[in-house]
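The primary structure of each chain is shown beneath.
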Amino acid sequence: MNFEAVFLDVLYFAAVIYTLAFVLYGVRAIKGPTTADIILAVDCLSFDMAAFMVVLGIYFKSIMLASGAIILALWAFMLDIYYTKYVLYGEVEV
Amino acid sequence: MIIEDIIFVIGSVAILIGAIYDLIAAIGLLRFNDFYMRTHAATVGTIGGAVLPVFGAGLVALVYHPLGSQRFFMAGIAFTVGVLILIIAPTGSHSLVSAVYFGRVGKKPPLVVDQLEEDLPKREDVAELVREHEELPGEEEEPKFTFRRLVR
């Protein structure tokens, strides 16, 4: 089996669906009624973008693209924790 | 080899299923009409739509020979990101939901039964507690648990 050609087909299918999903997440992130909805949508967007960056890193044969995914996932987690701390305790401190 | 073909097919199918999960979660996040149900859709999107494709990408990277000897490094990164998201995403969703519930952000949806409500501090109690605290002169210590939105 020619891995490169099959993986190109897989990536072609996945990229279309991922892009459509990113657009829908972005609509919710723009029009969310409360700040928590925006945080939730940006959270999903970041995790899925991290996953998509790993897949793209395999296609472009670049390990630098894939190692940015760890930072992106941790950043989304930081966003959740800081929002919780700000809402419940009124201040953000380390 | 046949083993490599099987691993590649399993990884590709995981990526495709993850993409479909992601689209379903995005439609749910857009169309559900209160925050807690949107949280349900969002967890589908993070576990099914991010962890599954990342593990699939790791399996594909293990047998993807155009990467050369960097493919083990790529597979290691993919499995690390997968385990990280598997731990991080439920923790973040729980903390976000608890912030929305206890901080009373937004409008509360119509619930059939809400057994947590009697554990919530009443608005008057919190206001009185904060007032008592503020009258003490020279006291530097902050109250342990203040609801910022209830105080005003």
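If you're wondering where the values come from, they're calculated on a predicted model, not measured in any experiment.

1. Overview of the overall build of chain B
- When you go through chain B residue by residue, the secondary structure sums to five helices and zero strands.
- The order of helices and strands in chain B, counted from the N terminus, is α-α-α-α-α.
- Evaluated residue by residue, chain B yields a buried proportion of 32% over its 152 residues.
- Taking all contacts inside chain B whose residues are at least 6 apart in sequence as the whole, residues at least 24 apart take part in 63%.

2. A closer look at the overall build of chain A
- Counting its secondary structure elements, chain A contains three helices and zero strands.
- Listing every helix and strand of chain A by position from the N terminus yields α-α-α.
- Over its C-alpha atoms chain A spans a radius of gyration of 17 Å, topping by over 25% the 12 Å that the globule rule assigns to 94 residues.
- Oriented by its inertia axes, the alpha-carbon framework of chain A measures out at about 55 × 30 × 15 Å.
- Residue pairs in contact within chain A that sit at least 24 positions apart in sequence constitute 41% of those at least 6 positions apart.

3. Quick look at the interface of chain B and chain A
- Residue-level contacts link 56 residues of chain B with 50 residues of chain A.
- Counting only elements with at least two residues in the side of chain B that touches chain A, the list comes to helix H1 (2-31), helix H2 (35-62) and helix H3 (71-102) of chain B.
- In terms of residue count, the dominant contributor to the side of chain B that touches chain A is H3(B) (17 residues).
- Class assignment for the residues of the side of chain B that touches chain A results in 37 nonpolar, 15 polar and four charged.

4. A word on H3(B)
- The terminal C-alpha atoms of H3(B), which comprises 32 residues, lie 46 Å apart, in line with the 46 Å expected from a rise of 1.5 Å per residue.
- Residue B:Arg104 follows H3(B) closely and has a positive phi angle near 55°.

5. Brief notes about the environment of A:Leu72
Residue and element names in this part refer to chain A.
- Here leucine 72 shows up in helix H3 (residues 63-89).
- By C-beta crowding, leucine 72 is classed as partly exposed, having 18 other C-beta atoms within 10 Å.
- Expressed as a C-alpha distance, the spacing of leucine 72 and methionine 53, which sit 19 residues apart in the sequence, is 9.8 Å.

6. Concerning the environment of B:Ile6
Residue and element names in this part refer to chain B.
- Tracing the sequence through the fold places isoleucine 6 in helix H1.
- Of the residues examined, isoleucine 6 has 12 C-beta atoms within 10 Å and is grouped as exposed.
- Between the alpha carbons of isoleucine 6 and isoleucine 77 there is a distance of 21 Å; along the sequence they are 71 residues apart.

7. A look at the environment of A:Asp80
- Checked against the element boundaries, A:Asp80 lands in helix H3.
- Of the residues examined, A:Asp80 has 23 C-beta atoms within 10 Å and is grouped as buried.
- Put simply, A:Asp80 and A:Gly57 are 23 residues apart on the chain and 27 Å apart in space, counted from C-alpha to C-alpha.
- Excluding residues that lie within four positions of it along the chain, A:Asp80 makes contacts with A:Ile39, A:Asp43, B:Gly92, B:Ser95 and B:Leu96.

8. Considering the nonpolar core
- Within the largest apolar cluster, 61 residues are counted, with the highest numbers of intra-cluster contacts made by A:Ala50, A:Val54, B:Val54, B:Ala78 and B:Ile85.
- Elements represented by at least two residues in this core include exactly helix H1 (3-31), helix H2 (35-59) and H3 of chain A together with H1, H2 and H3 of chain B.
- Residue contributions to this core peak at 14 residues, all from H2(A).
- Excluding anything up to four places from it in sequence, B:Val54 contacts A:Ala51, A:Val54, B:Ala78, B:Val81, B:Gly82 and B:Ile85.

Thresholds, definitions, all that
- Residues numbered from 1 in each chain as written.
- Chains lettered and ligands numbered in written order.
- Predicted model: local features only at pLDDT ≥ 70, side-chain atom pairs only at ≥ 80, totals over all residues.
- Helix = DSSP H or I, 4+ residues; strand = E, 2+ residues; numbered from the N terminus.
- Buried ≥ 20, exposed ≤ 12 C-beta atoms within 10 Å, placed from the backbone.
- Contact = placed C-beta atoms within 7 Å.
- Rg over C-alpha atoms; globule rule 2.2 N^0.38 Å.
- Nonpolar A, V, L, I, M, F, W, Y, C, P; charged D, E, K, R; others polar.
- Expected span 1.5 Å × (residues − 1).
- Core = buried A, V, L, I, M, F, W, Y, C linked by C-beta atoms within 7 Å.

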